[in-house]
Amino acid sequence: MDLSLYFVTGRELLPPGKEYLESLEEALQGGVTAVQIREKNSDTLEFLQIARQSKILCMKYNVPLIINDRIDIALAIQANGVHLGQTDMPVHVAKTLLPTGMVIGVSCNNMDHVRKAIEDGVDYIGIGAVWGTTTKELTNPIIGVRGVGSLLQALDGTFIKAVAIGGINSSTVLRTLHGSVSPSGHRLDGIAVVSQIAASATPRSAAQRLKDSFEAWVHGFDVQNQTVQVYDVETIKNGVVELLQVIRDKNPLIHQITNVVVTNQSANATLALGASPIMATASEEMHDLSRIPGALLINFGTITDKDSMILAGKYANEAQKPLVFDPVGVGATQFRKTTASELLNTWQASVIKGNPGEMAALANSKEVQAKGVDSVGSGFADPASFIRELAKKERCVAVMTGPTDWVSDGTTVVKLDNGRKILGDITGSGCLVGTCVATFCAGASLLATAPGTNPGTESEKLVRGNMLIGAIGGVLALTVAAECAAERSDVHGSGTFLPALIDELYKLKPETLLSRAKVHVL
Ligand SMILES: Cc1ncc(COP(=O)(O)OP(=O)(O)O)c(N)n1
Ligand SMILES: Cc1nc(C(=O)O)sc1CCOP(=O)(O)O
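Residues numbered from 1 in each chain as written. Chains lettered and ligands numbered in written order. Predicted model: local features only at pLDDT ≥ 70, side-chain atom pairs only at ≥ 80, totals over all residues.

Under the annotation held in an unreviewed UniProt entry, the protein chain carries the name TMP-TENI-domain-containing protein and is attributed to Rhizopogon vinicolor AM-OR11-026. Entered under Function (unreviewed entry) in the UniProt record, the comment concerning the protein chain runs "Condenses 4-methyl-5-(beta-hydroxyethyl)thiazole monophosphate (THZ-P) and 2-methyl-4-amino-5-hydroxymethyl pyrimidine pyrophosphate (HMP-PP) to form thiamine monophosphate (TMP)." (UniProt positions renumbered as here; feature names shortened; annotations may be inferred.)

Put into structure tokens, the structure is as follows:
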């Protein structure tokens, strides 16, 4: 059964003047691949009649029909299956009542539900709610996009399909699909949707848009899985140098919502690299800024603009712009942890950058501790594996800074050895790395979206361009410039180091990067 666009009906949401059967037929014409009749306020007779009429339409379009909750109705109209909630008829009892071949789907909100569904041998699970929804009052916690992957991983090796449900619409669909992949590469089989189709005056186009997004995303996912990019040191260094040139030629706008401690030096570092900073924080301007080519940096060292961070990230994803997230001091307070989780469940970061303490907190690892915004101790025993797994889990490039910097896209791990101790003696050196990474990612995005470039399988991505090279470029630019600055005779300590660092970013030459960069591909 094809569950890729699973329409769950909602007659109470029909817009004025729209008939239920007309709306259902239009949805089927728009490409719905499975229909579930969900009647929460009807008596048995009305439910039966609606189910019968719906079945005739579904058969016309050769689309399977599932009945929500009611085994008796499913049997009466010979539906293709039933969908059962956690408080409905238990699956093992339903199996004794239903003929073989009738599909059984179950709602799952947590790992216990998924394990039980596997044990019961269901055909599919509906994972929800992934986002908040106004269609029903939720009794279970919202899972969030980042929670779906681990539930999917539990299905590895089974034939059980999975759809996500709850708050899926045209603006959340891509984030849902991109984020809902397990570290083992298990993806969703479909999306289940109520209001985006049921409440639409044009259900055919509402369905068509969701279907197009799903199909394009699956295509891109499959292509990406089949093509493993192999990197060598020369390719990486040349790629970084190319990006430096793009930045200087095209002067991209780097929108930074950053902390008050580093705002000025971050803006100066951006200018020194050849890009253009804007440190805007008002939510009213987030949409306009997202339309200008460049990149977005969200650094939550002082979280005063959470709403703007949420909006800016959503718009950046919509505009396929690089989004670099610097979760400064994320382990320090519960508020920071909750905010990081909320942000990462709302938008997809292209790059997450942090010190070992911050990355450990994001990954819920106790191996490295943090004190405030600083990392404590000697770091991870196996940083390469840690960073690879984190990148895989968060579906982005991960950068872990320190005396040695580690960068991974979830497959390749790159170790960069240009770190200088003096960088730790000025405030906000990690934040400057975030700025430089955002600037180089903007370069990578401009390169990939240059006029005449065919988006190919990138049309349904949340960002275009090589974010691994962008992230490496940002780290190398800052650390190589720091090396040059530290060697200068006019640098006597951290006070003279900072302006010298900005100077060296300003003067950074391709040949300096090529000769000094210490890059190791693992
Ligand atoms: C595909 C899909 N997933 C989950 C649900 C929710 O079902 P349930 O838990 O039974 O809640 P109600 O729909 O009865 O409110 C679903 N219907 N479909
Ligand atoms: C029917 C249903 N079940 C959910 C669950 O979490 O199991 S959420 C949900 C409502 C989904 O509606 P919409 O697409 O309009 O957000």
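Read on for the rest.
Q: Explanation requested: the sheet that holds strand β12 (residues 323–326) in the structure shown.
A: The strands that make up a sheet pair up through hydrogen bonds in the backbone, lying either parallel or antiparallel. Across the sheet, which stays open at both edges, the 9 strands sit in the order β10-β9-β11-β12-β13-β16-β17-β18-β19 with mixed pairing between neighbours. The sheet terminates laterally at β10 (276–278) and β19 (519–521), the two strands that pair on one side only. Across the sheet, the mean angle separating the axes of adjacent strands is 20 degrees when strand polarity is ignored. As paired strands, strand β9 (residues 253–257) and strand β11 (residues 294–299) are joined by 5 bridges and run parallel to one another. (Pairing = 2+ DSSP bridges. Helix = DSSP H or I, 4+ residues; strand = E, 2+ residues; numbered from the N terminus. Axes fitted to C-alpha atoms, helices over the stretch in contact; angles between N-to-C directions.)

Q: Would you mind showing me how to read the site of ligand 1 here?
A: Lining the immediate environment of ligand 1, one finds 17 residues, of which Gly85, Ser107, Gly126, Ile165 and Ala192 sit closest. Going through the elements one at a time, β1 (5–8), β5 (103–108), β6 (124–128) and β7 (161–165) are the ones with two or more residues in the shell around ligand 1. (Near = placed C-beta within 6 Å.)

Q: Honestly, the pairing of β6 in this entry has me stumped. Any pointers?
A: Each regular strand displays side chains that alternate between the two surfaces of the sheet. Counting buried positions over the 5 residues of β6 gives 5, a clear majority of the element. In β6, alternate side chains face the same way, and those of Tyr124, Gly126 and Gly128 on one face and Ile125 and Ile127 on the other are all buried. Taken together, β5, helix α5 (residues 111–120) and β6 constitute a β-α-β crossover, and its handedness is right-handed. In this region the chain leaves β6, passes through helix α6 (residues 145–153) and returns to the parallel neighbour β7; the handedness of that crossover is right-handed. (Buried ≥ 20, exposed ≤ 12 C-beta atoms within 10 Å, placed from the backbone. Right-handed = clockwise from strand over helix to strand, strands pointing away.)

Q: Explain the UniProt feature "domain: Thiamine phosphate synthase/TenI" (unreviewed entry) in the protein chain to me, please; I cannot follow it from the model alone.
A: Per the UniProt record, "domain: Thiamine phosphate synthase/TenI" (unreviewed entry) is found at residues 5–197. From the first C-alpha to the last, residues 5–197 spans 11 Å; its make-up is 36% helix and 19% strand.

Q: Teacher, can you tell me more about the packing of helix α10 (residues 233–250) against helix α17 (residues 429–448) here?
A: Geometry of a packed helix pair, given as the angle between the helix axes and the separation of the axes. Direction vectors running N to C along α10 and α17 enclose 85 degrees, while the axes themselves pass 8 Å from each other. Judged on the interaxial angle alone, α17 and α10 are roughly perpendicular. Residues Leu243, Val246, Ile247 and Lys250 of α10 pack against Thr439, Phe440, Ala442, Gly443, Ala444, Leu446 and Leu447 of α17. Its residues placed into classes, the contact of α10 with α17 shows 8 nonpolar, 2 polar and 1 charged. (Parallel < 35°, antiparallel > 145°, perpendicular 65-115°, else oblique. Contact = placed C-beta atoms within 7 Å. Nonpolar A, V, L, I, M, F, W, Y, C, P; charged D, E, K, R; others polar.)

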